[in-house]
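Report on the structure
Chain residues, written in single-letter form:
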Amino acid sequence: MSDQLLSALPGAASEGFVTVAEAGLRGMITLRGDLGRLTFALAPLGLDIPAQRAITQADERSLAWMSPDELLLMLPYSEAAEATRTLQEELRGEFATVANVSDARAVFALRGKGAPDVLAKLCPVDFAALKPGEIRRTRAGQVAAAIWVAGEDEMRLVCFRSVAQYMFDLLTTAALPGSEPCLYS
Amino acid sequence: MLLLTCPCCGVTAEETEFTPGGEAHLKRFGPGSSDEEFDAYMFQRKNPRGVHFERWRHAYGCGKWFIAARCTMTLEVFATYPAQTLEPPAEVIEKIRARRPDWEGAQ
């Protein structure tokens, strides 16, 4: 068995009217429970509980609202295991679940002015209404995805690792030069 | 296209982001009930041409169940409300009456 840690599609990248790249390993922890009662456990990380459909950032970490009883904490991969243990310890006795899902997910970065155009081909979402600081869970093609604006001309997408190849091919095809729908750019 | 607003996360999306869950507000008849009651609970479903109450799940979004009051003919959605509701809320009934004055009622 290899002790090397690999993301879903190490180094995968494609160049179209948007650059699609697999963003490498990212630590992710799913927290489920009454959001109001998770606040104290997350306070040491310097993150506020996000409002409905919001994503809050602090340094290398971000916290996303996934559903009325679920949050997704994203942090550097190397910190995930330790953070999971700490959170589990702090939430002991609470009706809450902490799970390290880092190896169950894949992250993609779409860079370029046409990033919303690429995603608009695949998702039933009006990307003009998706503002920075908001996360949108939807489907991309036939699989579930969560999308947010990560910076100027950059969008990020999280999906299950098991569908990473499908997602990469899907995004690459949607970003083929000459197929720009020019909806948002 | 059917556009639904999930009351749990506030997202308005078209139906491919959701999964239909059949008729809403069914009352369960289990052990001790008569055969007619159980038959009605298990198999008999409304199939109206017009106002209908349905369960939907925001499968690709927040994953929560909710109830939608909609028109099966025009796909107009009158309201969506949480799944933890035993019968159509009064304000939903009011909204439907405003749009469909000749509606016979939920039963």
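Look a little higher up for the structure.
Okay, so let's go over this structure. Since the structure is predicted, the reported quantities are computational estimates derived from the model, not experimental observations. (Residues numbered from 1 in each chain as written. Chains lettered and ligands numbered in written order. Predicted model: local features only at pLDDT ≥ 70, side-chain atom pairs only at ≥ 80, totals over all residues. Heavy atoms only, no water.)

Here we come to the pattern of salt bridges. According to the stated counting rule, one finds 17 salt bridges over all chains in the structure shown. Put simply, Asp69(A) and Lys64(B) hold a salt bridge, and the shortest N to O gap is 3.0 Å. Remark: Lys64(B) occurs in the loop between β4 (51-57) and β5 (65-71) and Asp69(A) occurs in the loop between β5 (61-67) and β6 (70-75); the pair is interchain, linking two chains. In this structure, Arg111(A) engages Glu154(A) in a salt bridge whose closest nitrogen and oxygen atoms are separated by 3.4 Å. You can see Arg111(A) sitting in strand β8 (residues 105-111) and its partner Glu154(A) sitting in strand β11 (residues 154-160), a full 43 residues away along the chain. (Salt bridge = Lys/Arg side-chain N within 4 Å of Asp/Glu carboxyl O. Helix = DSSP H or I, 4+ residues; strand = E, 2+ residues; numbered from the N terminus.)

Taken together, the contacts link 13 residues of chain B with 17 residues of chain A. Here chain B meets chain A over a buried area of about 1100 Å², counting both sides, of which 49% is carbon and sulfur. Looking at the side of chain B facing chain A, the largest losses of area belong to Glu17(B), Tyr60(B) and Lys64(B), adding up to 43% of the total buried there. If you look at where chain B meets chain A, you find three salt bridges. A salt bridge links Glu17(B) to Arg136(A); the shortest N-O distance between them is 2.9 Å. At the surface where chain B touches chain A, the tally comes to nine residue pairs in polar contact (both at pLDDT 80 or more). Residues of the side of chain B that touches chain A, tallied by class, amount to six nonpolar, four polar and three charged. (Contact = heavy atoms within 4.5 Å. Buried area = accessible area lost by both parts, 1.4 Å probe. Polar contact = N/O pair within 3.5 Å; in protein donor to acceptor, adjacent residues only side chain to side chain. Nonpolar A, V, L, I, M, F, W, Y, C, P; charged D, E, K, R; others polar.)

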